[in-house]
There are 2 protein chains.
Amino acid sequence: MRVLVNISYQGSQFLGFQIQQNGRTVQQQFEKILKRMHKRDIRIHPSSRTDRGVHALEQYFHFDTELNIPAQQWQYAMNRALPDDVYVNDVRFVDDDFHCRYDCVGKSYRYKIYQAAHKDPFLSGLKTFMSDELDLEAMNEAAQHFIGTHDFTGFCSQKTEVESKVRTLYESRIERTESGFDYIVTGSGFLYNMVRVLIAFLIEVGKGKRLPKEVPTLLEAKDRNQVPFTAPAEGLYLEKIYLTPSELIQDFGEDIKIHQKKSSQNH
Amino acid sequence: MRVLVNISYQGSQFLGFQIQQNGRTVQQQFEKILKRMHKRDIRIHPSSRTDRGVHALEQYFHFDTELNIPAQQWQYAMNRALPDDVYVNDVRFVDDDFHCRYDCVGKSYRYKIYQAAHKDPFLSGLKTFMSDELDLEAMNEAAQHFIGTHDFTGFCSQKTEVESKVRTLYESRIERTESGFDYIVTGSGFLYNMVRVLIAFLIEVGKGKRLPKEVPTLLEAKDRNQVPFTAPAEGLYLEKIYLTPSELIQDFGEDIKIHQKKSSQNH
């Protein structure tokens, strides 16, 4: 039986999603619980491997089990054993050929920034601080230029090891909030550090150091040296996972390009 | 020169205020910075020694220095060197006979509780979770009974080592919030774990397991075994420190009893 689990976590005390030799990770928390229940190792497969300090409002993983436990009881059992900074929102059963990573056709991220004269210690790890005034309209204009299908080689970590760096963004915009602003971006997939490089670039635009109209040239250049900054992890939230094309179509219309990636290297 | 420092901190990643052999404490963060600046050990003296996991919206400490640095530059230098979960709000110079602990005539605490069907991982370490519905009016009625001068032996940790367990509470009330409620309590001083025992008792009242009218009898009994619970540290915030009687009189009127404690053991 294949079990699909919808979770949220506060990333500040995790070294990321993926299990590591040493250190606290989200995967480790779940595999420890599942091992205890199954009396053997159980591997979980997430839709996304978030980095150290990155949060998830919605993340999915699946695993296979022979245990005959109703969905709601899976949720209850895991929540009872989990620490307070991770929570199971929902559990359901899926077909055996469903795969959290290969069936993921899109993801949304939200990057939260608060603007204030002084740092707020109670937002430490939860939002990124900026004291500068920024031109949010210019930032939003620049953000729009990323929408569509592009090679994002110039806007990801140079350590990214995937065959193709072409991704499609369906949404990329700045939203004013009570205490600052959020950057919201939805795409077919994201390269390593890509959202943190995009928002770092947009902040440069907000400061007047870069112009919105430079975006097409920079995408064309495919040169990370021209986009040198990476924003800190603490403001980054994985917000939504699209597991079917129909959900994406519902949010972004029938004309969008959908990337199916059964057995691709995409993440 | 005596320097008075007003700070805030998020307590979840600290083992408390006071320096310890091993582990991260607030005092350690400041003494490390001051040692670097002075090239010798500098001891800081707080108004309150908060426990592991307890937060401070306002806390004070003082130290003595021979360095000739303006107040604003002290603030700047410390904030630049501090981690993100502690912040210096203000620095000023005080008389040499001023003492943060002995001149403290009152403190306010706020205990934050959120009520929801599900735990929120983003409030982990910041607010205490309760799924129960509680009778807030009964809790507020019980809270009122603690106002005044009482022996709080029955409402503190049995490990409390002070001569007198008599304290005066000026304010003790429940305040409804958007996501739950806060307990606000102001007093001449607090015994070890006292606020966490008070709110744990009030929650029992909210559940209907205790009655508001039991408070006078329980105060009289001076028996902690009759009040067995202690609420978790994560919801507790030191909110205000009263360093002069006039501030207390301003908030609570001229008729209040003020405890001066030059060289007392109170904390």
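By convention here, each chain's residues receive numbers from 1 onward along its written sequence. Chains carry letters and ligands carry numbers; both start at the beginning, A for chains and 1 for ligands, and go up in the order they are written. Confidence filtering applies because this is a predicted model: local features only for residues at pLDDT of at least 70, side-chain atom pairs given and counted only at 80 or more, and all residues used for totals across whole chains, interfaces and linings. As a rule here, side-chain values come from all non-hydrogen atoms in the structure, and water together with hydrogens is ignored.

- Where an unreviewed UniProt entry is consulted, chain A appears under the name tRNA pseudouridine synthase A, with the organism given as Staphylococcus caeli.
- Under the Catalytic activity (unreviewed entry) heading, UniProt states for chain A: "uridine(38/39/40) in tRNA = pseudouridine(38/39/40) in tRNA". UniProt positions are given in the numbering used here, feature names are shortened, and annotations may be inferred rather than shown by experiment.

**As for the interface of chain A and chain B**
Next, step 1: The contact criterion used is simple: two residues touch if any of their non-hydrogen atoms lie within 4.5 Å. Between chain A and chain B, the residue contacts involve 19 residues of the former and 19 residues of the latter.
Next, step 2: For the pair chain A and chain B, the two sides together bury roughly 1700 Å², of which 58% comes from carbon and sulfur.
Next, step 3: We define buried area as the total accessible area lost by two parts upon association, computed with a 1.4 Å probe and summed across both. By the criterion of area lost to chain B, the three top residues of chain A are Asp 84, Pro 121 and Phe 122 of chain A, representing 39% of everything that side buries.
Next, step 4: We count a salt bridge whenever a side-chain nitrogen from Lys or Arg sits within 4 Å of a carboxyl oxygen from Asp or Glu. Here chain A is connected to chain B by two salt bridges.

**Some remarks on the relation of the copies chain A and chain B**
Next, step 1: A least-squares fit on C-alpha atoms brings the copies together, and the residues used are those whose pLDDT is at least 70 in both copies. Mapping chain A onto chain B calls for a screw motion: a turn of 180° about the axis and a shift of 0.0 Å along it, with 0.0 Å RMSD after fitting. The superposition operator between the copies reduces to a two-fold rotation axis. Rotation axis and chain A: the residue whose C-alpha lies nearest the axis is Gln 13 of chain A, separated from it by 4.7 Å.
Next, step 2: Comparing interface residues between copies, 100% of those in chain A also lie at the interface in chain B; the contact surface is shared.

**Considerations on the UniProt feature "domain: Pseudouridine synthase I TruA alpha/beta" (unreviewed entry) in chain A**
Next, step 1: UniProt records the feature "domain: Pseudouridine synthase I TruA alpha/beta" (unreviewed entry) at residues 8–103 and 142–240 of chain A, using the numbering of this structure.
Next, step 2: Taken as a whole, residues 142–240 of chain A contains 23% helix and 28% strand, while its terminal C-alpha atoms sit 23 Å from one another. Going along the chain from the N terminus, every DSSP run of H or I of four or more residues is numbered as a helix, and every run of E of two or more is numbered as a strand.

**Quick word on the packing of helix H1 (residues 26–38) of chain B against helix H2 (residues 71–81) of chain B**
All names here are of chain B.
Next, step 1: Axis definition: a line fitted to C-alpha atoms, limited for helices to the stretch in contact. Angles are taken between N-to-C directions and run from 0 to 180 degrees. Look at H1 against H2: their axes get within 10 Å of each other, and the N-to-C directions meet at 120°. Judged by the inter-axis angle, H1 sits oblique to H2. Considering the relative orientation of H1 and H2, their crossing is right-handed. Every residue of H2 that contacts H1 at Phe 30, Ile 33, Leu 34, Arg 36, Met 37 and His 38 is listed here: Trp 74, Ala 77, Met 78 and Ala 81.
Next, step 2: Looking at the contact of H1 with H2, its residues break down into eight nonpolar, one polar and one charged. Each angle receives one of four descriptions, namely roughly parallel if under 35 degrees, roughly antiparallel if over 145, roughly perpendicular if within 65 to 115, and oblique otherwise. Each crossing gets its handedness from the near helix: less than a right angle anticlockwise from the far helix is left-handed, clockwise is right-handed. Gly counts as polar in this scheme, as do all residues outside two lists: the nonpolar Ala, Val, Leu, Ile, Met, Phe, Trp, Tyr, Cys and Pro, and the charged Asp, Glu, Lys and Arg.

**Re the side chain of His 150 of chain B**
Next, step 1: Mapped onto the secondary structure, His 150 of chain B falls in strand S7 (residues 148–151).
Next, step 2: The term polar contact refers here to a pair of N or O atoms within 3.5 Å; inside protein, the definition further demands a hydrogen-donor-capable atom paired with an acceptor-capable atom, and it admits residues adjacent in sequence only when both atoms are side-chain atoms. A polar side-chain atom of His 150 of chain B sits 3.1 Å from the main-chain carbonyl oxygen of Ile 147 of chain B.

**Looking at the domain arrangement of chain A**
Residue and element names in this part refer to chain A.
Next, step 1: Considered domain by domain, chain A is made up of domain 1 (2–94) and domain 2 (106–252).
Next, step 2: Domain 1 and domain 2 are separated by 27 Å when their C-alpha centres are compared.
Next, step 3: With 16 residues of domain 1 in contact, the opposing surface of domain 2 contributes 16 residues.
Next, step 4: Taking both partners together, domain 1 and domain 2 bury about 1300 Å²; carbon and sulfur atoms supply 61% of that area.
Next, step 5: The largest per-residue losses of area from domain 1 upon contact with domain 2 belong to His 55, Leu 57 and Glu 58, which jointly make up 43% of the total buried on that side.
Next, step 6: At the junction of domain 1 with domain 2, the criterion picks out zero salt bridges.
Next, step 7: Between the two partners, domain 1 and domain 2, sit eight residue pairs in polar contact (both at pLDDT 80 or more).
Next, step 8: When residues in the side of domain 1 that touches domain 2 are grouped by element, the largest group, six residues, is from strand S3 (residues 55–64).
Next, step 9: For the side of domain 1 that touches domain 2, the residue count by class is five nonpolar, eight polar and three charged. The split into domains, and so the bounds of each, comes from an automatic or database assignment of domains.

**Comments concerning the pattern of salt bridges**
Residues and elements named next belong to chain A.
Next, step 1: As enumerated under the stated definition, the model contains 26 salt bridges over all chains in all.
Next, step 2: Glu 175 is the partner of Arg 173 in a salt bridge, and the nearest nitrogen-oxygen pair spans 2.8 Å.
Next, step 3: Each residue gets one of three labels from its accessible area relative to the maximum for its type: buried under 20%, exposed over 50%, partly exposed in between, using a 1.4 Å probe on protein chains only. On the accessibility criterion, Arg 173 (29% relative accessible area) is partly exposed.
Next, step 4: A relative accessible area of 27% places Glu 175 in the partly exposed class.
Next, step 5: Taken together, the shared-partner salt bridges in this structure form one network comprising Arg 110, Glu 171, Arg 173, Glu 175, Asp 182 and Glu 239.

**Some points on helix H3 (residues 136–144) of chain A**
Residues and elements named next belong to chain A.
Next, step 1: Every buried residue of H3 is listed here: Leu 136, Ala 138, Met 139, Ala 142 and Ala 143. Viewed end-on, H3 has its buried residues packed into an arc of 160°, placing them on one side of the element.
Next, step 2: The N-capping residue of H3, defined by a side-chain oxygen 3.2 Å from the backbone nitrogen of Glu 137, is Asp 135. In this context, the arc is that of the directions from the helix axis out to the C-beta atoms.

**Let's talk about the packing of aromatic side chains**
Next, step 1: Think of it this way: a Phe, Tyr or Trp ring, Trp meaning its six-membered ring, pairs with another when their centres are within 6.5 Å, and the plane angle makes it stacked under 30 degrees, edge-to-face over 60, tilted otherwise. A full pass over the atoms with the stated rule returns 28 aromatic pairs over all chains.
Next, step 2: Ring geometry for Tyr 9 of chain A against Phe 14 of chain A: centres 6.3 Å apart, planes inclined by 80°, an arrangement best described as edge-to-face. The pair Tyr 9 of chain A / Phe 14 of chain A is uniform in exposure class, with both members buried.
Next, step 3: With 5.6 Å between their ring centres and 40° between their planes, Phe 122 of chain A and Tyr 237 of chain B make a pair best called tilted. On the criterion of chain membership, the pair formed by Phe 122 of chain A in the loop between strand S5 (106–115) and strand S6 (128–130) and Tyr 237 of chain B in strand S10 (residues 236–242) is interchain, its members lying in two chains. Across this residue pair, the class does not change: Phe 122 of chain A and Tyr 237 of chain B are buried.
Next, step 4: In textbook terms, an aromatic cluster arises when at least three aromatic residues are bridged by ring pairs, as seen for Phe 30, Phe 61, Phe 63 and Trp 74 of chain A.
Next, step 5: Lys 240 of chain B extends its terminal NZ or CZ atom over the ring of Tyr 242 of chain B, reaching a point 4.9 Å from the ring centre. As a reminder, the over-ring test applies to NZ of lysine and CZ of arginine, requiring each to be within 6 Å of the ring centre and within 35 degrees of the ring normal.

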